[in-house]
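Next come the chains, spelled out residue by residue.
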Amino acid sequence: MGNGQKAQMKRERNAKNAGGDAKSQLKVNEAAKNIVCQTCRQTFLCTIRAKALEEHATNKHSKPLLECFPGFVETPKK
């Protein structure tokens, strides 16, 4: 039995044992994007830091953080 045949048998065995569907993180990531820029409506993940939002506001819109993201409160680190 050559190496090619061994590899093919291993692929078949793993495919049979896998059985489950691939799980994607895309839907969860989209649901976590709950911070929205009020100027351009771009969404950001809920874990983003104020520094990154401030950079977005100043670089894209030349506005302060609270004008683009009113009511934003940074969550403390754990």
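Let me sum up the structure you'll find in this document. Not measured: the values here are computed from a predicted model.

1. Regarding the nonpolar core
Of all hydrophobic cores here, the largest spans 10 residues; its members are I35, C37, F44, A50, L53, A57, L65, C68, F69 and F72. Contributions of two or more residues to this core are made by α3 (50-61) and α4 (65-68). Examining the composition of this core, we find that three residues originate from one element, α3, more than from any other. Discounting chain neighbours no more than four positions away, the residues touching F72 are I35, I48, A50, L53 and L65.

2. What about unusual backbone geometry?
In the Ramachandran plot, R41 falls in the positive-phi region, its phi being about 65° despite a non-glycine side chain. Despite not being glycine, S62 shows a phi value in the positive range, around 55°. Here S62 is to be found in the loop between α3 and α4. Overall, the relative accessible area of 67% leaves S62 in the exposed class.

3. Some points on the packing of aromatic side chains
Scanning all chains against the criterion turns up one aromatic pair. Centroid distance F44 to F69: 5.6 Å. Interplanar angle 75°. Geometry classified as edge-to-face. Pair noted here: F44 is in strand β2 (residues 43-44) and F69 is in the segment after α4, with a separation of 25 residues, a long-range link. The class for F44 is buried, based on a relative accessible area of 11%.

4. As for the environment of Q42
Turning to its location among the elements, Q42 is positioned in the loop between β1 (35-36) and β2. A relative accessible area of 35% places Q42 in the partly exposed class. Along the backbone, Q42 and H56 are 14 residues apart, and their C-alpha atoms lie at a distance of 9.9 Å. Setting aside residues no more than four positions away along its own chain, Q42 makes contact with I35, V36, C37 and H56.

Rules and cut-offs
All residue numbers here refer to positions counted from 1 along the written sequence of the relevant chain. Restriction of local features to residues with pLDDT of at least 70 applies here, the model being predicted, together with a cutoff of 80 or more for giving and counting side-chain atom pairs; totals for whole chains, interfaces and linings are based on all residues. For the side-chain quantities, the full set of heavy atoms in the structure was used; hydrogens and water were omitted. In plain words, nonpolar cores are sets of buried Ala, Val, Leu, Ile, Met, Phe, Trp, Tyr and Cys residues tied together by side-chain atoms within 4.5 Å. Each residue gets one of three labels from its accessible area relative to the maximum for its type: buried under 20%, exposed over 50%, partly exposed in between, using a 1.4 Å probe on protein chains only. Strands are runs of DSSP state E lasting at least 2 residues, helices are runs of H or I lasting at least 4, and numbering of each runs from the N terminus. We call two residues contacting when some pair of their heavy atoms lies within 4.5 Å. Pairing of aromatic side chains here covers Phe, Tyr and the six-membered ring of Trp, requires ring centres within 6.5 Å, and sorts the geometry by plane angle: under 30 degrees stacked, over 60 edge-to-face, intermediate tilted.

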